[in-house]
Amino acid sequence: MTGFFPLLWWALVGASVLGAVVYLFMEYQAYLLRTSVTSVPGGLRFTAQGFSVESRHSSKEIKVIAKNGAYARQALPNGEEELQAGAVTVTLSAIGLQIEVSRISVKEGDAGDPVPTGFSRIVFSAIDEKLRKTQGKPASERSQLKLDRVPDSIATDFQQFANGLRAWIDKVEQQLEAQLAAQRQREQETAAAALVSQIDPKEDTSIPLNEAEREERAGGQIDKWRAAAGFKGTSTEVSFDARGQIVWLIDLHPSGKVILHANNRTFHGSLKGATVSGIGTEMEIAVRDDYWSEEDPRLVTFRVLGGTAPENRRAWKERLELLIQSLNPVVHQPR
């Protein structure tokens, strides 16, 4: 019995030490997978072992700090791609930013199903096309940051944070679209003011113009628009006021190009993707202007042919619809 108690004591000590080691190991594993979202001045910060992502609301940027990442950056249109791997600190514009979280799987054998690895990949992709569009310039840069081997549990927590970022980014981009629309409106008002300024300020507007004088003034403006467009329509209808200022115009070329003017706005370009509809005693034509894109597919509308005969509007509508259909052929899928 004398030797039993020391043996028991050492067994208890060993079990205690083993339990402590297991506990510390489990705590360390939990520490490695721990994430947090904290408020910082002007934004939020997601923090995990290995990386952090911070939103900066005032500057509309996202800052990513990672111990191990792959960052690629390329000047457009044909610049060489710059690569950086390892510890990275990257600041990306929120406008035009896409964030993707995906699970990493591997195949076991040639015909085996993909097997989850327990890790995920986070990819930040950015292009400055939307931001540069407000400046009337083409995209100048794109970049991509990849974070590989992110534990799935951390990736799941980050996905929730990224969903919040997506809502904020959408709001920022909507504000940008509103600014772009306001800029477009200012440009249209400037063009309308320039059109009005063509009337001699010394001209006595109380003296009426005869029909020939009004037609000459309207014809001069049409000639300027045709010169800017680079083509002359073969089917034309126009309405002008008592001073020869054009109220609406449609100048159609057989190729499907058109010059439109209504409500102090002017368009020249293709009818591809356009729509035509009758609105009361007018015809509404919606076209793709210079700001149209797949991301913002809204069309700009022009109401023309107001005051003309219904059969005339129907004839124009049929003619335009045929041209639009020829520019947008239906692709038949093979059976």
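Remember, predicted model here, so these are calculated numbers, not experimental data. (Residues numbered from 1 in each chain as written. Predicted model: local features only at pLDDT ≥ 70, side-chain atom pairs only at ≥ 80, totals over all residues. Heavy atoms only, no water.)

What about the pattern of salt bridges?
Then comes step 1: Within this structure, the stated rule accounts for 14 salt bridges.
Then comes step 2: Of the charged contacts in the structure, one is a salt bridge between R121 and D148, with a shortest N-O distance of 2.5 Å. Highlighted residues: R121 in strand β7 (residues 114-127) and D148 in strand β8 (residues 141-151), separated in sequence by 27 residues.
Then comes step 3: Given a relative accessible area of 38%, D148 falls into the partly exposed group.
Then comes step 4: Measuring nitrogen to oxygen at the nearest pair gives 3.5 Å for the salt bridge that ties E177 to R298. Here R298 lies in the loop between β14 (282-287) and β15 (300-304) and E177 lies in helix α3 (residues 152-196), a separation of 121 residues in the sequence.
Then comes step 5: According to the relative accessible area criterion, R298 is exposed, its value standing at 54%.
Then comes step 6: Overlapping salt bridges, with partners in common, bring together K130, R166, D170 and E173 in one network. (Salt bridge = Lys/Arg side-chain N within 4 Å of Asp/Glu carboxyl O. Helix = DSSP H or I, 4+ residues; strand = E, 2+ residues; numbered from the N terminus. Buried < 20%, exposed > 50% of the residue type's maximum accessible area, 1.4 Å probe, protein only.)

A few points about the packing of aromatic side chains
Centre distance and the angle of the planes are the two values used to describe a pair of aromatic rings.
Then comes step 1: For the coordinates displayed, the defined rule picks out seven aromatic pairs.
Then comes step 2: Residues F46 and F161 carry aromatic rings whose centres are separated by 5.6 Å and whose planes lie at 35 degrees to one another, so their mutual orientation is tilted. Placement of F46 in strand β2 (residues 43-48) and of F161 in helix α3 is noted, with a sequence separation of 115 residues between them.
Then comes step 3: The buried category is assigned to F161, whose relative accessible area is 9%.
Then comes step 4: Ring geometry for F267 versus F302: centroids 6.3 Å apart, planes at 45 degrees, classification tilted. Taken as a pair, F267 in strand β12 (residues 265-270) and F302 in strand β15 lie far apart in primary sequence, 35 residues in all. (Phe/Tyr/Trp six-rings, centres within 6.5 Å; stacked < 30°, edge-to-face > 60°.)

Points about the nonpolar core
Then comes step 1: In terms of nonpolar packing, the biggest core is built from 31 residues, with F51, V53, I122, F124, L145, L147 and F158 touching the most fellow members.
Then comes step 2: Counting residues per element, this core draws most heavily on α3, which supplies ten residues.
Then comes step 3: If we ignore the near neighbours within four places in the chain, the residues touching V53 are L44, R45, F46, I62, K63, V64, F124, F158, F161 and L165.
Then comes step 4: Membership of the second largest hydrophobic core comes to 21 residues, among which are A262, I285, L320 and I324. (Core = buried A, V, L, I, M, F, W, Y, C linked by side-chain atoms within 4.5 Å. Contact = heavy atoms within 4.5 Å.)

Observations regarding the sheet that holds strand β13 (residues 275-279)
Then comes step 1: Overall, antiparallel pairing links the three strands, which are arranged β13-β14-β15 in an open sheet. Every other strand in the sheet has two partners, leaving β13 and β15 as the edge strands with one partner each. On average, adjacent strands in this sheet sit at an angle of 25 degrees to one another, irrespective of strand direction.
Then comes step 2: Pairing of β13 with β14 involves five bridges; the strand directions are antiparallel. Counterpart to T275 in the pairing with β14 is A286.
Then comes step 3: Contacting β13 and β14, helix α5 (residues 310-327) crosses the sheet at an angle of about 165 degrees to β13. (Pairing = 2+ DSSP bridges. Axes fitted to C-alpha atoms, helices over the stretch in contact; angles between N-to-C directions.)

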